[in-house]
Amino acid sequence: SSDLVWWTRRKMEENKLHYHMKVRVFRKEGAFGPGVAELMHHVEETGSLSEACRCMGMAYSKGWRIMKHAEEDLGFPLMEGSRGGSRGGRTMLTEKGKDFLHRYEMFMAELNRSAEEFFMRWFEA
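Residues numbered from 1 in each chain as written. Predicted model: local features only at pLDDT ≥ 70, side-chain atom pairs only at ≥ 80, totals over all residues. Heavy atoms only, no water.

Peer 1: Before we go on, may I ask you to explain the pattern of salt bridges in this structure?
Peer 2: Opposite charge on two side chains lets them pair, provided their charged atoms get close. Tallying each qualifying case throughout the model produces 5 salt bridges. Measuring nitrogen to oxygen at the nearest pair gives 2.9 Å for the salt bridge that ties Lys 68 to Glu 71. Placement of the pair is Lys 68 and Glu 71 together in helix H4 (residues 60–74), with a separation of 3 residues, close to one helical turn. With relative accessibility at 8%, the residue Glu 71 sits in the buried group. (Salt bridge = Lys/Arg side-chain N within 4 Å of Asp/Glu carboxyl O. Helix = DSSP H or I, 4+ residues; strand = E, 2+ residues; numbered from the N terminus. Buried < 20%, exposed > 50% of the residue type's maximum accessible area, 1.4 Å probe, protein only.)

Written as structure tokens, this is what we have:
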């Protein structure tokens, strides 16, 4: 009986309308979005761009290109690091990078709340 309830709820969820938004923040090219934000979180957690890329299943060269593209478009560095040495290098977010990431996430949270409200108004009424 509980399996039937679960299955019925799942089918009802599958049949509901959904929406998806892709939001980028940029000056000239859509360089900063959820992928860059996630990569920055992993850099913050691991202290390493290569480890952050590994967490996302991404080649280091791709992660490096994505970050450089975002920095070039925004006009300021998002990360800073030291290379090599006996214990390896360390990468961290710049203060401006941390601030930008925080503001991006607050903007997205507010945007998602509004989008959910509008979606409910227009499609779930």
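What follows continues from the structure just given.
Peer 1: Whenever I open this one, the side chain of Asp 73 confuses me. Can you help?
Peer 2: Position of Asp 73 relative to the elements: it lies in helix H4. Despite being buried, Asp 73 has no salt bridge partner; Arg 27 is the closest side chain of opposite charge, sitting 5.9 Å away. Apart from residues lying up to four places away in sequence, Asp 73 is in contact with Phe 26, Arg 27, Lys 28, Glu 29 and Ala 31. (Lys, Arg positive; Asp, Glu negative; His and termini not counted. Contact = heavy atoms within 4.5 Å.)

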